[in-house]
Amino acid sequence: MHKQPCIRLPLQTGGGALGALFWTALTTVASFGAASFGLFMLSSMNREGESTGGLLVMSLIPALCSLGFGAATLAIRREFVRQRATDVEVDDRELRFVGGALGGTSIPWGEIESCTITTDSTRYVRTKTSRRTTTEYMDQLWLARRRSSPRLLAESLDAGEKASLGELRQAILGACQARGGRASEDEATQQPTSVLQCAACGSAVAAVEAAETACGSCGATVEFDPDTAERIRSAADLGRVTERLEEAIQRLLDQPPATSANRPLDLLGFLILAVPAAALGVSVLPGVGATGGLALLAVGVPFATGIAFLARLFVAERQALRALTAGMGARNPARAGEPPRCRQCGGTLLIRDRHVVAICLFCRAENLLGLDLRSALAAAQSHDYELGAILAKRQSQRRRAVAGLVACAVVTALALLAVIA
Ligand SMILES: [Zn+2]
Ligand SMILES: [Zn+2]
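Residues numbered from 1 in each chain as written. Chains lettered and ligands numbered in written order. Predicted model: local features only at pLDDT ≥ 70, side-chain atom pairs only at ≥ 80, totals over all residues.

Things to note about the overall build of the chain
Definition in use: Helical segments are the DSSP runs of H or I of at least four residues, strand segments are the runs of E of at least two, and each set is numbered from the N terminus. To sort residues by exposure, count the other C-beta atoms lying within 10 Å of each residue's C-beta; 20 or more gives buried, 12 or fewer gives exposed, and values between give partly exposed, all with C-beta atoms placed from the backbone. We call two residues in contact when the distance between their C-beta atoms, placed using the backbone, is within 7 Å.
Each helix and strand counted, the chain has 8 helices and 12 strands in total. Buried positions account for 40% of the 421 residues belonging to the chain. If you take every contact in the chain between residues at least 6 apart in sequence, the share linking residues at least 24 apart comes to 65%.

Next up, the structure:
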């Protein structure tokens, strides 16, 4: 059957970190504006032959601005560090974290007691529109461990990311239960009707594009009746439509880990602070003056904006990956040897060689194979997810980010040429 030894799930997409950097950039622009205004005043008064006392007072302005800027930046950077992109890698033994604040740590399944979500009401974002004000509080995903203190896994202010923290919690709980062997009691009493079964042993079997298949549990040959054969044919027809999407899905699933999304995010964080600071430094140098600082800004600002679009591109890919992994995965089999089931109705899936998308014979939902951690017990909550919608959203975000990236590259090149000339 379709088996992956290790599954990688996006724990934090990096969207929160990008948001924190956006606020850092705004603070920087405001402080930089105030500081350069102060410097401008200072130099014009200096020209008029002002007293040294006044000069001292005037030089306090940039100093105070820098101090305020530093304090605000420190506060926001803490948010940035906490919300950098993080992946969690899952295998039979443990949960491993890649990138972000938790990067490099691992927690064995045996240590995990439970997984909860709490809301921190002291941290929130308030959005005001003409009609109403909405407040989004910070949700935190905690892992309770035996013999040690609980661990903060992820946190987010974004409504979409918060929804998938809930899915992730389900996934971790499901995987814990499956490993503790307590998962299948309810499933047995549920007796699903839309499942193909082996006549010899009663185990569920997968649908394939053939007249018969071998039971994964006892090896007996299971022949498909005419009604099932018809369902297989129509699911296969539907599956052929998704074939062109499979390449895009495969690329999303194979995308590099969180550490590569953190690279442009970190570079952006550095540039937001370094470009204005360098410009300010250059403009007070004797013999260079304000023109030097402005030239540095003219090149540095579009370059940093380009890096922001690059980071946005990575984050959009990770958000699409998260939607796929949180919502599209086929349910794990109830017993070893059985095939995965439909995420929506628990029915039999049509499994095709070398395909990641499996169509349900009964409700015709698209399922991704080899992703889901939820035990068969956990209720399918994934009705809102639709493959086409996830990929279309990803496509439009991608297009916008690439357009921004290209525009910034052109502006940076032009500015560089102008400065050299
Ligand atoms: Zn059998
Ligand atoms: Zn189904």
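Resuming the write-up.
Regarding helix H7 (residues 289-327)
As a reminder, the rule being used: By this rule, a helix spans an expected 1.5 Å times one less than how many residues it contains.
Helix length check: H7 (39 residues) gives 56 Å between terminal C-alpha atoms against 57 Å at 1.5 Å per residue, within 8%. Counting buried positions along H7 yields 28 of 39 residues, so the element is predominantly enclosed.

What to know about the nonpolar core
Selection criterion: For the purposes of this analysis, a nonpolar core is taken to be any set of buried Ala, Val, Leu, Ile, Met, Phe, Trp, Tyr and Cys residues that are connected through C-beta atoms within 7 Å.
Counting 93 residues, the largest nonpolar core has Leu21, Leu268, Ala311, Leu324, Leu349 and Leu350 as the members making the most contacts within it. Apart from the residues within four sequence positions on either side, leucine 350 is in contact with Ala207, Ile232, Ala235, Ala236, Gly239, Ala358, Ile359 and Leu361.

Here we look at the sheet that holds strand S1 (residues 7-12)
Going by this rule: Two strands qualify as a pair provided DSSP detects at least 2 bridges between them. For every element, the axis is a line fit to its C-alpha atoms; helices are fit only across the contacting stretch, and the angle between N-to-C directions ranges from 0 to 180 degrees.
The strand order across the open sheet formed by 4 strands is S1-S2-S3-S4, and the pairing between neighbours is antiparallel. For this open sheet the edge positions go to S1 and strand S4 (106-108), each flanked by a neighbour on one side alone. The sheet shows a mean angle of 20 degrees between the axes of neighbouring strands, direction not considered. Pairing analysis gives 4 bridges linking strand S2 (residues 86-90) to strand S3 (residues 94-98), with the strands arranged antiparallel. The residue of S3 that forms the bridge with aspartate 87 is valine 98.

Notes on helix H6 (residues 258-284)
Just so we agree on the cut-off: Axes are fitted to the seven residues ending at a residue and to the seven starting at it; the angle between these axes is taken as the bend at that residue.
With 27 residues, H6 should reach 39 Å at 1.5 Å per residue; the first-to-last C-alpha distance of 40 Å fits that figure. Within H6, the axis deviates most sharply at leucine 271, by approximately 25 degrees.

A few points about the pairing of strand S11 (residues 357-360)
Where burial is concerned, the two faces of S11 agree: the one with Val357 and Ile359 and the one with Ala358 and Cys360 are both buried. Pairing of strand S10 (residues 349-350) with S11, which is carried by 2 bridges, proceeds in the antiparallel orientation. Considered in S11, the bridge of leucine 350 is made with isoleucine 359. Hairpin connection from S10 to S11: 6 residues lie between these consecutive antiparallel strands, with arginine 354 at a positive phi of about 60 degrees.

Considerations on the environment of glutamine 197
If you trace the backbone, glutamine 197 turns up in the loop between helix H4 (185-190) and strand S8 (212-214). Under the C-beta neighbour-count criterion, glutamine 197 is labelled partly exposed, with 15 such atoms within 10 Å. Distance in space between the C-alpha atoms of glutamine 197 and cysteine 215 is 8.6 Å, their sequence separation being 18 residues. Residues contacting glutamine 197, with those up to four places away along its chain left out, are Gly202, Ser203, Ala204 and Val205.

Concerning the sheet that holds strand S12 (residues 366-368)
In space, the 3 strands of this open sheet follow the order S10-S11-S12, with antiparallel pairing throughout. One side of each edge strand has no neighbouring strand; the edge strands of this open sheet are S10 and S12. Relative to S12, S11 runs antiparallel, the two sharing 3 bridges. Within S12, the residue paired with alanine 358 across the bridge is asparagine 367.

Observations regarding the packing of H6 against H7
The condition is simple: Note that the term roughly parallel is reserved for angles under 35 degrees, roughly antiparallel for angles over 145, roughly perpendicular for angles of 65 to 115, and oblique for everything else. Each residue gets one of three labels, nonpolar for Ala, Val, Leu, Ile, Met, Phe, Trp, Tyr, Cys and Pro, charged for Asp, Glu, Lys and Arg, and polar for the others, Gly among them.
Axis separation between H6 and H7 bottoms out at 9 Å; the angle between their running directions is 170 degrees. It follows that H6 is roughly antiparallel to H7 by the angle criterion. Class assignment for the residues of the contact of H6 with H7 results in 23 nonpolar, 5 polar and 1 charged.

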